[in-house]
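The residues making up each chain are set out below.
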Amino acid sequence: MDRALVSAIAHRRHPIAAPVSEESAFALITGLEPELVSDSPRILDLGCGSGEWLLTALKVLPGWDGIGIDLSEPALDEARRKAAAEHHLRDRVRFEHSDAATWTGGRFDVVICIGATHAFGGLGPTLDAVRRHLLPGGRVLLGEGYWEGAPTQAALDGLGAAPGELPDLAGLIDEVQRHGYEPGYGHLSTAAEWDRYEWSWTGSLVAWALEEADDDDRDAALAVAREHRRQWLAGYRGQLGFATLVLHDIGT
Ligand SMILES: C[S@@+](CC[C@H](N)C(=O)[O-])C[C@H]1O[C@@H](n2cnc3c(N)ncnc32)[C@H](O)[C@@H]1O
């Protein structure tokens, strides 16, 4: 099955494509406490998926506009549908199909990049790329994985990760600081948030396979859900962490 379609279906019950609850996401967005850096404040979301973070931020920050960038057409369609359904957001947000690593479009008061550092080749290049889009004094909302301890081979295999590809939590904060940012607030996903995210992911796909798909897609979707569930339960569950951080740009 097409990966973008799988992802769109898998996130039906949990539109934030990260192990973060709606309540935690709201607290993080509130925790941005962005100063009005410009007269017409704007938010950029790199790898926006179906736009949950950006649309929630625009609800919290009336008078702000936003742009979301992603390569998944199904996710962007869903983001545009949600924006249109909320009349006051329709004119304040634009979702663009573009590679976040090469996109250009000026500087922003807030830059969001959650679960999408792979688009830039890892955490360090992401932090550098984000700075190119950020106004002086702006804020970053960054979401990134980390290992809770030394990962087992099963955890690495389950994630398809190489040893050393992800830091531990202290290493993640070190890397952020090395790139000239200071955490001002943060959230570490709980075990309950992880379980809810993964059960929603696999469960949405199972429901689609059994209730909506034709025979070929049914078998393919069930195979993807089973493989994902096995990689999680026999692999990275309890070992993979996820941090979402509000960062101040203090320069290098
Ligand atoms: C794990 S999802 C996170 C989505 C969203 N930030 C969220 O938390 O709900 C990663 C997203 O990055 C997008 N992505 C991956 N590579 C990209 C690229 N080069 N440019 C833009 N988006 C990309 C994927 O399509 C996907 O929607």
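In this text, all values refer to a predicted model and were calculated from it rather than measured experimentally.

Caption draft 1: Expanded view of the overall build of the chain. Secondary structure assignment for the chain yields 10 helices and 7 strands. Expressed as lengths along the three principal axes of its C-alpha atoms, the size of the chain is roughly 55 × 45 × 30 Å. For the chain, the residues scored as buried account for 49% of the 252 residues in total. In the chain, once contacts between residues fewer than 6 apart in sequence are set aside, the share between residues at least 24 apart is 76%. Counting 22 positive and 39 negative side-chain charges, the chain places the averaged centre of each group 2 Å from the other.

Caption draft 2: The arrangement of the packing of aromatic side chains in detail. Scanning the entire structure with this criterion turns up 3 aromatic pairs. Judged by centre distance (6.1 Å) and plane angle (45°), the rings of Trp103 and Phe108 are tilted. A ring pair is formed by Trp199 and Trp232, whose centres lie 5.1 Å apart and whose planes are at 85°; its orientation type is edge-to-face. Here Trp199 is found in helix 9 (residues 191-211), whereas its partner Trp232 is found in helix 10 (residues 215-236), with 33 residues between them in sequence. Given the relative accessible area of 47%, Trp199 is considered partly exposed. The aromatic ring of Phe108 is capped on one face by Arg42, whose charged end is 3.9 Å from the ring centroid. Positioned above the aromatic ring of Tyr181, the side-chain terminus of Arg131 is 4.4 Å from the ring centre.

Caption draft 3: View of the side chain of His133. Assignment of secondary structure puts His133 in the loop between helix 6 (123-132) and strand 5 (134-147). Once you skip the residues sitting within four places of it in the chain, His133 turns out to touch Leu44, Leu46, Trp103, Gly106, Arg107, Phe108 and Val111.

Caption draft 4: Here's a closer look at the packing of helix 2 (residues 22-30) against helix 3 (residues 52-60). Between helix 2 and helix 3, the least distance of the axes is 10 Å, while the angle of their chain directions is 55°. Between helix 2 and helix 3, the crossing angle belongs to the class labelled oblique. In this structure, helix 2 crosses over helix 3, and the sense of that crossing is right-handed. Of the residues in helix 3, those in contact with Ala25, Phe26, Leu28 and Ile29 of helix 2 are Trp53, Thr56, Ala57 and Val60. Grouping the constituent residues of the contact of helix 2 with helix 3 by class yields 7 nonpolar, 1 polar and no charged.

Caption draft 5: Region of interest: the site of the ligand. Around the ligand sit 18 residues in total, of which Ala17, Gly47, Asp70, Ala100 and Ile114 are the nearest. The contact in question runs from an oxygen atom of the ligand to an N or O atom on the backbone of Ala17, over 2.8 Å. Contact distances for the ligand include 2.9 Å between a nitrogen atom and a side-chain N or O atom of Asp99. Across the complex, the protein chains shield 83% of the 600 Å² of accessible surface that the ligand would expose by itself. Residue classes in the shell around the ligand are distributed as 10 nonpolar, 6 polar and 2 charged.

Caption draft 6: Focus on the pattern of salt bridges. Tallying each qualifying case throughout the model produces 11 salt bridges. Residue Arg131 is joined to Asp249 by a salt bridge in which the shortest nitrogen-to-oxygen separation is 2.7 Å. Separated by 118 residues along the polypeptide, Arg131 in helix 6 and Asp249 in strand 7 (residues 240-249) bring together distant segments of the chain. Given a relative accessible area of 21%, Arg131 falls into the partly exposed group. The exposure class of Asp249 is partly exposed, given its relative accessible area of 21%.

Caption draft 7: Looking closely at the nonpolar core. Judged by nonpolar contacts, the single largest core of 37 residues is most densely connected at Val20, Ile43, Trp53, Phe95, Leu141 and Trp147. Top contributing element to this core by residue count: helix 3, with 5 residues. Counting 25 residues, the second largest nonpolar core, distinct from the first, contains Phe108, Ala116, Leu123 and Leu142.

Conventions and cut-offs
Residues numbered from 1 in each chain as written. Predicted model: local features only at pLDDT ≥ 70, side-chain atom pairs only at ≥ 80, totals over all residues. Heavy atoms only, no water. Helix = DSSP H or I, 4+ residues; strand = E, 2+ residues; numbered from the N terminus. Buried < 20%, exposed > 50% of the residue type's maximum accessible area, 1.4 Å probe, protein only. Contact = heavy atoms within 4.5 Å. Lys, Arg positive; Asp, Glu negative; His and termini not counted. Charge placed at Lys NZ, Arg CZ, Asp CG, Glu CD. Phe/Tyr/Trp six-rings, centres within 6.5 Å; stacked < 30°, edge-to-face > 60°. Lys NZ or Arg CZ within 6 Å of the ring centre and 35° of its normal. Axes fitted to C-alpha atoms, helices over the stretch in contact; angles between N-to-C directions. Parallel < 35°, antiparallel > 145°, perpendicular 65-115°, else oblique. Left-handed = near helix turned anticlockwise from the far one by under 90°. Nonpolar A, V, L, I, M, F, W, Y, C, P; charged D, E, K, R; others polar. Near = heavy atom within 4 Å. Polar contact = N/O pair within 3.5 Å; in protein donor to acceptor, adjacent residues only side chain to side chain. Areas by Shrake-Rupley, 256 points an atom, 1.4 Å probe, with all protein chains shown as cover. Salt bridge = Lys/Arg side-chain N within 4 Å of Asp/Glu carboxyl O. Core = buried A, V, L, I, M, F, W, Y, C linked by side-chain atoms within 4.5 Å.

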